[in-house]
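Listed below are the residues making up each chain.
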Protein chains: 4
Amino acid sequence: SRGGGGKKMQEYPKVKLHVNKMDISFPSQLFIDGLFCDATSGKKLKSIDPKDESVICEVEAASKEDVDRACKAAYRAFNDGEWGKMNARDRSTMLFKLADLMEEHQEELATIESIDSGAVYTLALKTHIGMSIATWRYFAGWCDKIEGSTIPINNARPNRNLALTRKYPIGVCGLITPWNYPLMMLSWKMAACLAAGNTVVIKPAQVSPLTALKFAELSVLAGIPPGVINVLPGTGRVCGQAIADHPLVRKLGFTGSTEIGHTIMRSCADSNLKKCSLELGGKSPLIFFADCDMEKAIKNALGSVFFNKGENCIAAGRLFVEETIYDEFLDRVVTETKKMKIGDPLDRSVQHGPQNHKAHLDKLVEYCETGLKEGARLLLGGKRCDMKGLYMEPTIFCDVEDNMFIAKEESFGPIMVVTKFNAGDVEGVVKRANNTEYGLASGVFTKDINKALYVSEHLDAGTCFVNIYNKTDVAAPFGGFKESGFGKDLGREALNEYLKTKTITFEYSI
Amino acid sequence: SRGGGGKKMQEYPKVKLHVNKMDISFPSQLFIDGLFCDATSGKKLKSIDPKDESVICEVEAASKEDVDRACKAAYRAFNDGEWGKMNARDRSTMLFKLADLMEEHQEELATIESIDSGAVYTLALKTHIGMSIATWRYFAGWCDKIEGSTIPINNARPNRNLALTRKYPIGVCGLITPWNYPLMMLSWKMAACLAAGNTVVIKPAQVSPLTALKFAELSVLAGIPPGVINVLPGTGRVCGQAIADHPLVRKLGFTGSTEIGHTIMRSCADSNLKKCSLELGGKSPLIFFADCDMEKAIKNALGSVFFNKGENCIAAGRLFVEETIYDEFLDRVVTETKKMKIGDPLDRSVQHGPQNHKAHLDKLVEYCETGLKEGARLLLGGKRCDMKGLYMEPTIFCDVEDNMFIAKEESFGPIMVVTKFNAGDVEGVVKRANNTEYGLASGVFTKDINKALYVSEHLDAGTCFVNIYNKTDVAAPFGGFKESGFGKDLGREALNEYLKTKTITFEYSI
Amino acid sequence: SRGGGGKKMQEYPKVKLHVNKMDISFPSQLFIDGLFCDATSGKKLKSIDPKDESVICEVEAASKEDVDRACKAAYRAFNDGEWGKMNARDRSTMLFKLADLMEEHQEELATIESIDSGAVYTLALKTHIGMSIATWRYFAGWCDKIEGSTIPINNARPNRNLALTRKYPIGVCGLITPWNYPLMMLSWKMAACLAAGNTVVIKPAQVSPLTALKFAELSVLAGIPPGVINVLPGTGRVCGQAIADHPLVRKLGFTGSTEIGHTIMRSCADSNLKKCSLELGGKSPLIFFADCDMEKAIKNALGSVFFNKGENCIAAGRLFVEETIYDEFLDRVVTETKKMKIGDPLDRSVQHGPQNHKAHLDKLVEYCETGLKEGARLLLGGKRCDMKGLYMEPTIFCDVEDNMFIAKEESFGPIMVVTKFNAGDVEGVVKRANNTEYGLASGVFTKDINKALYVSEHLDAGTCFVNIYNKTDVAAPFGGFKESGFGKDLGREALNEYLKTKTITFEYSI
Amino acid sequence: SRGGGGKKMQEYPKVKLHVNKMDISFPSQLFIDGLFCDATSGKKLKSIDPKDESVICEVEAASKEDVDRACKAAYRAFNDGEWGKMNARDRSTMLFKLADLMEEHQEELATIESIDSGAVYTLALKTHIGMSIATWRYFAGWCDKIEGSTIPINNARPNRNLALTRKYPIGVCGLITPWNYPLMMLSWKMAACLAAGNTVVIKPAQVSPLTALKFAELSVLAGIPPGVINVLPGTGRVCGQAIADHPLVRKLGFTGSTEIGHTIMRSCADSNLKKCSLELGGKSPLIFFADCDMEKAIKNALGSVFFNKGENCIAAGRLFVEETIYDEFLDRVVTETKKMKIGDPLDRSVQHGPQNHKAHLDKLVEYCETGLKEGARLLLGGKRCDMKGLYMEPTIFCDVEDNMFIAKEESFGPIMVVTKFNAGDVEGVVKRANNTEYGLASGVFTKDINKALYVSEHLDAGTCFVNIYNKTDVAAPFGGFKESGFGKDLGREALNEYLKTKTITFEYSI
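Residues numbered from 1 in each chain as written. Chains lettered and ligands numbered in written order. Predicted model: local features only at pLDDT ≥ 70, side-chain atom pairs only at ≥ 80, totals over all residues. Heavy atoms only, no water.

1. Details of the overall build of chain A
Scanning chain A from terminus to terminus reveals 16 helices and 22 strands. What you see for chain A is a C-alpha radius of gyration of 24 Å, in line with the 24 Å of a compact globule of 510 residues. The C-alpha extent of chain A, read off along each of the three principal axes, is 75 × 65 × 40 Å. Expressed as a percentage of the 510 residues in chain A, the buried residues total 69%. Working note: accessible area of chain A is about 16,300 Å², and carbon and sulfur atoms make up 50% of it. Separation between the mean location of the 63 positive side-chain charges and that of the 64 negative ones in chain A comes to 5 Å. (Helix = DSSP H or I, 4+ residues; strand = E, 2+ residues; numbered from the N terminus. Rg over C-alpha atoms; globule rule 2.2 N^0.38 Å. Buried < 20%, exposed > 50% of the residue type's maximum accessible area, 1.4 Å probe, protein only. Areas by Shrake-Rupley, 256 points an atom, 1.4 Å probe, with all protein chains shown as cover. Lys, Arg positive; Asp, Glu negative; His and termini not counted. Charge placed at Lys NZ, Arg CZ, Asp CG, Glu CD.)

Given below as structure tokens:
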């Protein structure tokens, strides 16, 4: 079988835990060239469970030398290995196999994700892991459907010409992904990257690397050849930087903050002119017109902000509510938010888990303090929960002015920022919504088809939801405008991020 | 009519010359917001005719303030003006009108190009100007054919979803183009850019800005609204840098050297995370197998190197000749090259004109000296012509080793670099050809379909010519791999460089 | 020039008239192989002006022998002539030229169309002729953008494979078009057909062939080579049948009635298995919900039925009105319809001209009688106008039951058929709307985005208009479902009707 | 699970055999609406094993009433059932599941195919069954990638428009498939048909229906809902005709002879104007130039004719050999053909099995007699093998003239027809090759890239192989030109055969 043939599988130490009523295990070492191994740095990262701040385990932290070794392995796998010679259809089969293995281990993966990132288990199972699997399947189906063109160029008469393009993988790709949806962000990028035929060196988020390591283990079982996938936990400063700088890496895919986005792109420029795609911060506007379906609006208002504890790149950062329903809206979101059960993310009845890590929680508390200082009206929450673990109270600010810090900057936490707009002022609210350097997502609730189509046409963001929110799909391209970055994950377009086009022109005559 | 309606056309000073048996005229000022105007810098650039180093005229040199004004004009034209509201089909009509005007003025444009850049007039007419016109027509035809997708996403049953993408122009685009094909490089980028609906601020090459200014004049006649096209001659350091830095510019298209490519991309990163596309240097390999059609091979060997005085980004920088035909090949290229007539580019019988500017010529002479020093065998040329004007002798080096400077670095001049490869060693020569950080173009001559298909599959460059060279076409995507950059000019793919995709997802139920 | 070079243009008799304050002229002979000529049949068709039933002129009526000659000319033009060898881009230029010539002659064409078909001149200018020109330009822009694919097939390792598709024109195409929009129907089909590179034999409508002949004249001026376009007025029984039967014709494009559609397709089957596309009858439902914008609804209700005297294949054949607005709706459509000015189609203030020809008018009168007999309530009109010319009163029936003849069969005239549906019964009215063997067009008026999206998703017709009607566009594919036919005119998809795909698979190794 | 949930699986009689060293079983009844059932006709077909003319079993033969019941079941499944409401991605999962089940049963399926059709088991396993599985996987991957367009139409300013297309399944599709590759032909059509979301009524070949019934059984295990797939063995005259006539069937996919193609298309025309696609007969030319790789040429010459006993729609029907290698070519094909082992198709060492059925074998013998009569030179074979079973000798005719019956008509058996062409006459041989009403496949062997590209460009057939033959791939569109039919199986294009496009146009304003 492709899963290694007669080759003996590597034996390596695994972290083994009994948690969430099941046995789970995962590696804690770097994964380079098909093998788990210690970092040359001798450094380790502590992986913390945010619900009680206990240490789950220690994970090897990759050094620059480790990155170099991984990039070279990826380069060999691309140029000399079986992967680069394989038929696209066989690659497809292999990626489907990987998705099947992920599905077999979905409860285990969701449990690891939950303890590592604080994601509520039920959500982790459905979204973090469920959408990851769907992503692998979607892109696995693309492998043998990546077509180039034949092009009717002017013939050099009396000679004839044949011009065609072929799509090739770019080579070694570096991926750097964030901690909010650790496995899903890995999958969004890596599935397209591998479907296109590249090899990859990925640095998962420093604070939540565990599912990426479990994934590496599954990739061996799926028979992905050594060197095709390399997983290097580590810090951004050392490991991330080394990937962005490496001369064998030809493409860099990054999801993270706009601030780090600048650094990444600069490193791509300075090193070897890597092609890069950036999915960065957002402060996504969500507009509620008075004629909306109130029930659905309130439900989605909560989801747009509190989904995954607000650790959601497309979380609605600014809610614009038409003045005629403003008071009712506030009443109802407060009422509904109070109903959310906060607690152990493994508890199936809990809806709100702990924030990912301590530094982030601190930042959120500070963010709320800023909001208060600049005069926003706090309706709910605003501080750390009075309980063990990194819990932040679901928070609601209203009467927020456009020029306030909390109206302009992303919190990445469970903080709703509500502002009012003049009744009937469609153009005005759209203009306010667009008055930002971000352009990741946006949304509008209205029953009126005129408003819905006008607003969705004019909101200047890569995604716009109409009468729904957070409805991403593996087939729909996802990515931002302006300083929310460029390049797309998901959908057919994501493949283009990991392909290069060669034009071949023949001349002939008889 | 669209050509300005009842509005009075601006009166502005024009350079008027009688040359090439015709009257020609063109502006010499900056073109901002639909008007020709002086630079705020008070600085001017001298435009030199390379055939005798005489000054053709002085041209205004844009300052940072001028760039700012142009970007703001482009921003207004995009957001508030007629251009942004126009139907795609009307935009198409306008661009066709522009192409028609360029065709009406093709002799004048070719003459200006010839005196400003040293291009042989016959070539300028056919290629510099002719392909420019074809480019505008090709992309004009795309305007109303730029389609997004409707996507079968998972429905949130029992509700239904409709997901679609729409392609939007990005906004204000900055373009920085080189001096080798001044109008053609402008057209390759700007036609796609405008077809997609953007507005533009362009810095044409500092040393050859004249056709860009003439083009600006024609764009007014075509009725392109003010602010849509802004043309700013200037230096890279001041004007180019200001464009790359400007916060209203969301996309940067650059053609130039790899060295400057790094700077440009870094500025895009540091400023506002501009999306960028880079068409940079090359050192394109061209392989001649012993079984090729020798007649055609020799003809194309010359063309691959000496076309447009070697000032050609896809010029073949390394010719690999199979050893069994090596001597014959050298004999024949020397013989044929000696037949090339050198002289006044306006003379219809001349095939080889002066290099674009003095600094470039000096660099070429030095390049040849380096070649000699490192032991390459000089068969022809190697120095400046003994005549008035910036003429470089068509030069042929042979016995060049892969590790020599002249085997690795681009000359961008009429310098043929020939090397030998072992008979029958197809894989070996491909490996040598790919051993470079560049990946712009490549070529192969052979009658054997197996070699032709194998080599064209494996040469790692954005373009590969088979039994022909320099056969670009406006419908065929063009752009490099590795440090030759990323992003495409020409073809359907070029449009993507100037578009952004918005995903809109509706949810509904009755 | 391409317009025939030094060749002397043919001299041929023209019909010359002074009408609509201008001189107009057009041929009245068959157009075969680049020349106007008499029919071998010796038969002629009388072309009648429906506004007074006067004879405009006589037109040659093609025989089977004429069709054979035309098909052979088209075959030669395709296989041996310049057309088949021409670069796609040159074909594009030629079709743009043709569009320009049509625009130059647009008033003349509109006048001819008006007298020949009874179309109101203002409408003829904007729609019949205006959209024809837009169609030619749209498809002219496609010529050099028709791309095939390169396909990642499984390699026969260790060998390699290259698989690609190329799109070819099919060859000689036969077109048979109707009398309601004579030039526009010709253009919808022929522009895509020629853009794809085919040659064509067209039979324009027997009763309105004049603009097709004028068009043939313009095609000569545009330089379209002889044999590429052949225009054969004649009867369906003789000329149309001969085209559908001819062994050199490989594709048949037909627009007309469903009844004749069966015959045409059968002939395609019996002869040489011609590929065919059929745009046939319709009985398009249009649904008005109570929450619609009433002003716009009424305006479009009239337009949906009375546009071009109801001689409109997508005319709304069944208007479903929600019961809560039913009475108001009827009042207002009656009031507005009464305001329509009936009269000489050349009079700029007239909105309603004569029906195309006598037999059609008679059928409409009979249709109304049937409606009355089966108990529909006649609110307006219902009979021939009491004036000279083939005028039918704009007619409104209400209280129509689904099982009535006038609810099921197409009238193709100015007869509005209104029925009521239960308040709020969205699913019910959609089911009723779909209960027909036709599926050409459909429409819905509502402000509610849920209803709009649900209904437009579920109406089983090739076109659905939402809060608008008759809004076709040259870029949007047009064609029916069920017995309204198959195949598309317009848009990118129309090209596929006139192309065939060849797959070429190479195997190679070194 | 989706395989019927808690529902009890149907119990039905199965044919059980021990053959090819394994136990096999399969149904022998009609499969309608998810259940196996007897035909209302009371008629049965005998299924014969061609290797000894023994009866394998009897199979129910569908009547017109059975077809009607199946079509109604398919209609309900499409309109009211789960299938029509299912997300495309879930449909994809289901089709992958079906492919997995086919793979699990591949030896059983191959054995059934072998005894039912005479296919050599090794070939059946790799091609008949192997490619079937690949086809299901390829199209399963398309389900959630079938996208429509958003189209930049002219806005009705000041209003705005949104125009989009959505791709819908057509509804109930009828499929009629041939006996040469029973399961593969079913798969080529049905996989695309179901991926697009349709439901299907299929009549497998009368003489080889067994794998289709086994497939029906597997489809139940895969959880495909009742009514989605209906399999009706029967005669063409009764069952096939009833499908082609049925008013609920909206699309007919047929593979078979050109003669029956006429009938099928006529029935589509006469009934309800079904859209149809036809893959019909061929007489595919294969050209050998003197400069070809002789080893590979001979091997492929045999394969092009004798693959699957010549029961291969793309079998090369005419071999054109350049005169300079003509004699050598004949010597070698005769020598190699003699080496082919004829015998029991289940014997792994056998290369040539029995013809599918008696009537076909008789036709082949007669075909050879005709060839002899008209003067072709018989080099090998030409008659039935002197052994039990329906074996035809591999046959080679040379010196065949273009006007002979055996040069013009398809044999569909192991009969090589060789003709000579003048040395160097590339254009001449292409013209001869194209001189046929068929246009299914073609091929050329040459090392010369000029000849290869010229000939592959000019051969007028839907498929052209270069230096290989029979290299079809599930991703590469397959279908004929001229009277070989229209419409494509396989590849992205095949989906279009089973989709309809709806254009939806919105108008809006605020």
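Now, onward.
2. Quick look at the relation of the copies chain C and chain B
When chain C is fitted to chain B, the best match, at an RMSD of 0.0 Å, comes from turning it 180° and sliding it 0.0 Å along the axis. Taken together, the rotation and translation describe the operation of a two-fold axis. Closest approach to the rotation axis among the C-alpha atoms of chain C is made by Gly141(C), whose C-alpha sits 2.2 Å away. (Least-squares fit on C-alpha atoms with pLDDT ≥ 70 in both.)

3. Notes on the pairing of strand 18 (residues 415-421) of chain C
Residues and elements named next belong to chain C. Most of strand 18 sits inside the fold, with 6 of its 7 residues counted as buried. Pairing geometry for strand 15 (residues 316-322) and strand 18, over 4 bridges, is parallel. Across the sheet, residue Glu322 finds its bridge partner in strand 18, namely Phe421. (Pairing = 2+ DSSP bridges.)

4. What to know about unusual backbone geometry
That bond from Arg157(A) to Pro158(A) is cis: its omega, 5°, falls within 30 degrees of zero. Of note, Pro158(A) is situated in the loop between strand 7 (148-151) and strand 8 (160-169). Not every positive phi belongs to a glycine, and Lys482(B) is a case in point at roughly 50°. Judged by its relative accessible area of 14%, Lys482(B) falls in the buried class. Despite not being glycine, Asp399(D) has its phi angle at roughly 55°, a positive value. Along the chain, Asp399(D) turns up in the loop between strand 17 (395-398) and helix 13 (405-408).

5. Observations regarding the packing of helix 6 (residues 182-195) of chain B against helix 7 (residues 210-221) of chain B
Angle between the axes and distance between the axes: these two values describe a pair of packed helices. All names here are of chain B. Between helix 6 and helix 7, the shortest axis-to-axis distance is 7 Å and the interhelical angle comes to 55°. By the angle between their axes, helix 6 is oblique relative to helix 7. Read as a crossing pair, helix 6 and helix 7 show a hand that is right-handed. Residue-level contacts link Pro182, Leu183, Leu186 and Met190 of helix 6 to Thr211, Ala212 and Phe215 of helix 7. Considering only residue class, the contact of helix 6 with helix 7 consists of 6 nonpolar, 1 polar and no charged. (Axes fitted to C-alpha atoms, helices over the stretch in contact; angles between N-to-C directions. Parallel < 35°, antiparallel > 145°, perpendicular 65-115°, else oblique. Left-handed = near helix turned anticlockwise from the far one by under 90°. Contact = heavy atoms within 4.5 Å. Nonpolar A, V, L, I, M, F, W, Y, C, P; charged D, E, K, R; others polar.)

6. Some remarks on the side chain of Thr258(B)
Of note, Thr258(B) is situated in helix 9 (residues 258-270). A polar side-chain atom of Thr258(B) sits 3.0 Å from the main-chain carbonyl oxygen of Glu483(B). Discounting residues that sit within four places of it in the chain, Thr258(B) has contacts with Leu273(A), Leu280(B), Gly281(B), Tyr438(B) and Glu483(B). (Polar contact = N/O pair within 3.5 Å; in protein donor to acceptor, adjacent residues only side chain to side chain.)

7. Considerations on the interface of chain C and chain B
Contact residues are listed per partner, giving 27 residues for chain C and 27 residues for chain B. For the pair chain C and chain B, the two sides together bury roughly 2,500 Å², of which 62% comes from carbon and sulfur. Three residues, Lys145(C), Tyr508(C) and Ile510(C), lead the burial of chain C against chain B; their summed loss comes to 25% of the area buried on that side. Where chain C meets chain B, there are 6 salt bridges. When the shortest N-O distance is used, the salt bridge between Arg89(B) and Asp473(C) registers 2.7 Å. Joining chain C to chain B, the criterion identifies 12 residue pairs in polar contact (both at pLDDT 80 or more). Broken down by element, the side of chain C that touches chain B gets its largest block of residues, 6 residues, from helix 15 (residues 449-458) of chain C. Among the residues making up the side of chain C that touches chain B, the classes are represented as 13 nonpolar, 3 polar and 11 charged. (Buried area = accessible area lost by both parts, 1.4 Å probe. Salt bridge = Lys/Arg side-chain N within 4 Å of Asp/Glu carboxyl O.)

8. Description of the interface of chain C and chain D
On the chain D side, the residues contacting the 65 residues of chain C number 65 residues. Across the chain C/chain D interface, buried area totals approximately 5,100 Å², and carbon plus sulfur atoms make up 56% of it. Taken as a group, Leu273(C), Lys471(C) and Lys502(C) account for 13% of the area that chain C buries against chain D, more than any other trio of residues on that side. Taken together, the connections running from chain C to chain D amount to 10 salt bridges. Lys167(D) is the partner of Glu493(C) in a salt bridge, and the nearest nitrogen-oxygen pair spans 2.9 Å. Where chain C packs against chain D, one counts 42 residue pairs in polar contact (both at pLDDT 80 or more). When residues of the side of chain C that touches chain D are traced back to their parent elements, those giving at least two are strand 7 (148-151), strand 8 (160-169), helix 9 (258-270), strand 13 (275-279), helix 15, strand 20 (463-466), helix 16 (491-496) and strand 22 (499-508) of chain C.

9. Digging into the pattern of salt bridges
Following the criterion strictly, the structure yields 140 salt bridges over all chains and no others. Among the ionic pairs, Glu217(B) bridges to Lys214(B), the shortest N-O distance being 2.7 Å. Placement of the pair is Glu217(B) and Lys214(B) together in helix 7, with a separation of 3 residues, close to one helical turn. Across the pair, Lys214(B) and Glu217(B) agree in class, each one buried. Between Arg266(D) and Asp270(C) there is a salt bridge, with its nearest N and O atoms 2.3 Å apart.

10. Focus on the relation of the copies chain C and chain D
Superposition of chain C onto chain D requires a rotation of 180° combined with a translation of 0.0 Å along the rotation axis, giving an RMSD of 0.0 Å. Most of the interface of chain C is mirrored in chain D: 100% of its interface residues are interface residues there too.

11. Remarks on helix 6 (residues 182-195) of chain D
Residues and elements named next belong to chain D. Spanning 14 residues, helix 6 covers 20 Å between terminal C-alpha atoms, matching the ideal 20 Å at 1.5 Å per step. A bend of about 25° at Trp188 is the largest found in helix 6. Helix 6 sits mainly inside the fold: 14 of its 14 residues count as buried. Trailing helix 6 by a residue or two, Gly197 shows a phi angle of about 105°, which is positive. (Expected span 1.5 Å × (residues − 1). Bend = angle between axes of the 7 residues up to and from the residue.)

12. Examining the pairing of strand 9 (residues 172-176) of chain D
Residues and elements named next belong to chain D. With 5 of 5 residues buried, strand 9 lies mostly within the body of the structure. With burial as the criterion, each face of strand 9 is covered, one bearing Val172, Gly174 and Ile176 and the other bearing Cys173 and Leu175. Two elements, strand 9 and strand 10 (residues 199-203), share 5 bridges in a ladder whose sense is parallel. Paired with Ile176 across the two strands is Lys203, which belongs to strand 10. For the crossover from strand 9 across helix 6 to strand 10, the handedness is right-handed. Pairing of strand 9 with strand 12 (residues 249-255), which is carried by 5 bridges, proceeds in the parallel orientation. Bridge pairing links Ile176 to Phe254 in strand 12. (Right-handed = clockwise from strand over helix to strand, strands pointing away.)

13. Observations concerning the side chain of Asn161(A)
Residue and element names in this part refer to chain A. By secondary structure assignment, the location of Asn161 is in strand 8. Given the relative accessible area of 5%, Asn161 is considered buried. Looking at Asn161, its side chain comes within polar contact range of the main-chain nitrogen of Ala156, at 2.8 Å. A distance of 3.1 Å separates the side chain of Asn161 from the side chain of Glu507, its partner in a polar contact.

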